[in-house]
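Each chain is listed here by its residues.
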Amino acid sequence: MNKFHTCCFIGHRTIIETDELISQLYNIIETLIVEKRIDTFLFGSKSRFNSLCQETVTKLKKKYPHIKRIYVRAEYPYISDDYKKYLLENYEDTYYPERIKALSKGVYIERNYEMIDKSDLCIIYYDERLYPATRKSGTKIALNYAIKQGKHIIKLPKN
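The shown structure was predicted, so the numbers you read here are calculated from the model rather than taken from an experiment.

Student: How should I be thinking about the side chain of Ser47 in this particular structure?
Tutor: If you trace the backbone, Ser47 turns up in the loop between strand 2 (40-43) and helix 2 (48-63). Taking the relative accessible area as the measure of exposure, Ser47 reaches 7% and is therefore buried. A distance of 2.9 Å separates the side chain of Ser47 from the backbone nitrogen of Asn50, its partner in a polar contact. In contact with Ser47, other than residues within four places in its own chain, are Gly11, His12 and Arg13.

Student: Sorry, what's going on with the state of the cysteines here?
Tutor: Disulfides are covalent bonds that link the sulfur atoms of two cysteine residues. All told, the structure shown has 0 disulfides when counted by the stated rule. A disulfide-free cysteine, Cys7 has its sulfur positioned 6.2 Å from the sulfur of Cys8, the nearest such atom. Under the relative-accessibility criterion, Cys7 is labelled buried at 0%. No disulfide involves Cys53; its sulfur sits 8.0 Å from the nearest other cysteine sulfur, which is in Cys7.

Student: Whenever I open this one, the packing of helix 1 (residues 19-35) against helix 2 confuses me. Can you help?
Tutor: Two quantities define a packed helix pair, namely the angle between the axes and the distance from one axis to the other. Relative to each other, helix 1 and helix 2 sit at 50 degrees, their axes nearing to 10 Å. When the axes of helix 1 and helix 2 are compared, the pair comes out oblique. By crossing handedness, the relation of helix 1 to helix 2 is classed as right-handed. Together, Leu21, Ile22, Leu25, Tyr26, Ile29, Glu30 and Ile33 of helix 1 and Phe49, Leu52, Cys53, Thr56, Val57, Lys59, Leu60 and Lys63 of helix 2 make up the contact between the two elements. Among the residues forming the contact of helix 1 with helix 2, the class breakdown is 11 nonpolar, 1 polar and 3 charged.

Student: Got a minute to help me understand the pairing of strand 1 (residues 6-11) in this structure?
Tutor: Sheet faces and side chains relate simply in a regular strand, where the side chains alternate between the two faces. In terms of burial, strand 1 is a largely internal element, 6 of the 6 residues being buried. Here strand 1 shows a buried face lined by Thr6, Cys8 and Ile10 and a second buried face lined by Cys7, Phe9 and Gly11. Sheet topology places strand 1 next to strand 2; 3 bridges connect them, and they run parallel. Bridge pairing links Thr6 to Thr40 in strand 2. The β-α-β motif built from strand 1, the intervening helix 1 and the parallel element strand 2 has right-handed crossover chirality. Where strand 1 meets strand 5 (residues 121-125), 5 bridges bridge the pair, whose relative direction is parallel. Bridging across to strand 5, Ile10 finds its partner in Ile124.

Student: What is the right way to read the nonpolar core from this model?
Tutor: One broad trend across soluble globular proteins is that nonpolar side chains are buried collectively. Residues Phe9, Ile29, Phe41, Phe49 and Ile123 are the most contacted members of the largest nonpolar core, which totals 27 residues. Here this core takes 6 residues from helix 1, the largest share from any one element. In contact with Phe49, not counting residues within four places along its chain, are Phe9, Ile10, Gly11, His12, Ile15, Leu25, Ile123, Tyr125 and Leu156. Counting residues in hydrophobic clusters, the runner-up holds 17 residues, among them Tyr95, Ile116, Tyr126 and Ala142.

Student: Would you take a moment to explain helix 2 for this structure?
Tutor: Note that an α-helix has 3.6 residues per turn; residues three or four places apart therefore point the same way. The end-to-end C-alpha distance of helix 2 is 24 Å, a good match for the 22 Å that 16 residues give at a rise of 1.5 Å each. Inspection of helix 2 places Phe49, Asn50, Leu52, Cys53, Gln54, Thr56, Val57, Leu60 and Lys61 among the buried residues, and these make up the whole buried set. Looking at the buried side of helix 2, the elements it contacts are strand 1, helix 1, strand 2, strand 3 (68-72), strand 5 and strand 6 (152-156).

Student: Even after reading the chapter, I still don't get the packing of aromatic side chains, so can you show me in this structure?
Tutor: Given two aromatic rings, their pairing is described by the distance between the two centres and the angle made by the two planes. This structure, assessed with the given rule, holds 8 aromatic pairs. Relative to Tyr91, the ring of Tyr71 has its centre 5.3 Å away and its plane inclined at 25 degrees; by these criteria the two rings are stacked. Pair noted here: Tyr71 is in strand 3 and Tyr91 is in the loop between helix 3 (81-87) and strand 4 (93-95), with a separation of 20 residues, a long-range link. We classify Tyr71 as buried; its relative accessible area is 10%. When the ring of Tyr113 is compared with that of Tyr145, the centres are 3.9 Å apart and the planes differ by 20 degrees; the resulting orientation is stacked. Residue Tyr113 is found in helix 4 (residues 107-117), and its partner Tyr145 is found in helix 5 (residues 138-148); the two are separated by 32 residues along the sequence. Assigned by exposure class, Tyr113 and Tyr145 land together as buried.

Definitions and cut-offs
Throughout this description, residue numbers start from 1 for each chain and increase along the sequence as written. Note on the predicted model: pLDDT of at least 70 is required for a residue's local features to be given, and 80 or more for side-chain atom pairs to be given and counted; whole-chain, interface and lining totals, by contrast, use all residues. With hydrogens and water stripped out, all remaining heavy atoms of the structure feed into the side-chain values. Starting at the N terminus, helices and strands are each numbered in turn, a helix being any DSSP run of H or I of at least four residues and a strand any DSSP run of E of at least two. Each residue is assigned to one of three classes by its accessible area relative to the maximum for its type, calculated with a 1.4 Å probe on protein chains only: buried under 20%, partly exposed between the two thresholds, exposed over 50%. Distance and chemistry together define a polar contact, namely a pair of N or O atoms within 3.5 Å, with one atom able to donate a hydrogen and the other to accept it when in protein, and with adjacent residues in sequence counting only for side-chain atoms on both sides. Contacts are assigned to residue pairs that have any heavy atoms within 4.5 Å of one another. We call a pair of cysteine sulfur atoms a disulfide whenever their separation is within 2.5 Å. Axes, fitted as lines to C-alpha atoms, cover a helix only where it is in contact. Angles between the N-to-C directions of the axes lie from 0 to 180 degrees. Note on terminology: angles under 35 degrees are roughly parallel, angles over 145 are roughly antiparallel, angles of 65 to 115 are roughly perpendicular, and the others are oblique. Should the near helix be turned anticlockwise from the far one by less than a right angle, the crossing is left-handed, and should it be turned clockwise, the crossing is right-handed. Lys, Arg, Asp and Glu make up the charged group, whereas Ala, Val, Leu, Ile, Met, Phe, Trp, Tyr, Cys and Pro make up the nonpolar group; the residues left over, Gly among them, are polar. At least two bridges found by DSSP between two strands is the condition for calling them paired. With strands facing away from the observer, any crossover in which the path from the first strand over the helix to the second runs clockwise is taken as right-handed. In this description, a nonpolar core means a group of buried Ala, Val, Leu, Ile, Met, Phe, Trp, Tyr and Cys residues linked to one another through side-chain atoms lying within 4.5 Å. Here the expected span of a helix is defined as 1.5 Å times the quantity of residues minus one. Within 6.5 Å between ring centres, the rings of Phe, Tyr and Trp (the latter by its six-membered ring) count as paired, and their orientation is classed by plane angle as stacked under 30 degrees, edge-to-face over 60, tilted in between.

Treat this as a map of the structure, not an account of what it does.
Structure representation (structure tokens):
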């Protein structure tokens, strides 16, 4: 996986989904494909933001068939052929990061770190209105990690 052509998506389980957000996301991702030559997109799970991004990239895949969708699992280090076949209906590949195999907790945080580390650019949905600073947020942890790693970040929602 060439990290200089890779983008990951991280965001809240619950988002404020608007037509404007959907349009912004589509335009951002298409610009990344065309102008930045991003061709690989990493997805996690358990969030509406990830689902929305996967739906958007899947729409764009019809126009840009060379792009790849990769599902980075935080559960099930070993999967059956049937489950893998099911996942590959919506992704070109899936894997479980080696770095989280020995963990009993914190797997989602470490999975997010893995996605950030493998990406040149991160699209992160972090909305302070939904998750005030006093509340623990895996997305906030991921955002801070991406900043610390010097990643290019597109933060949504754009207000």
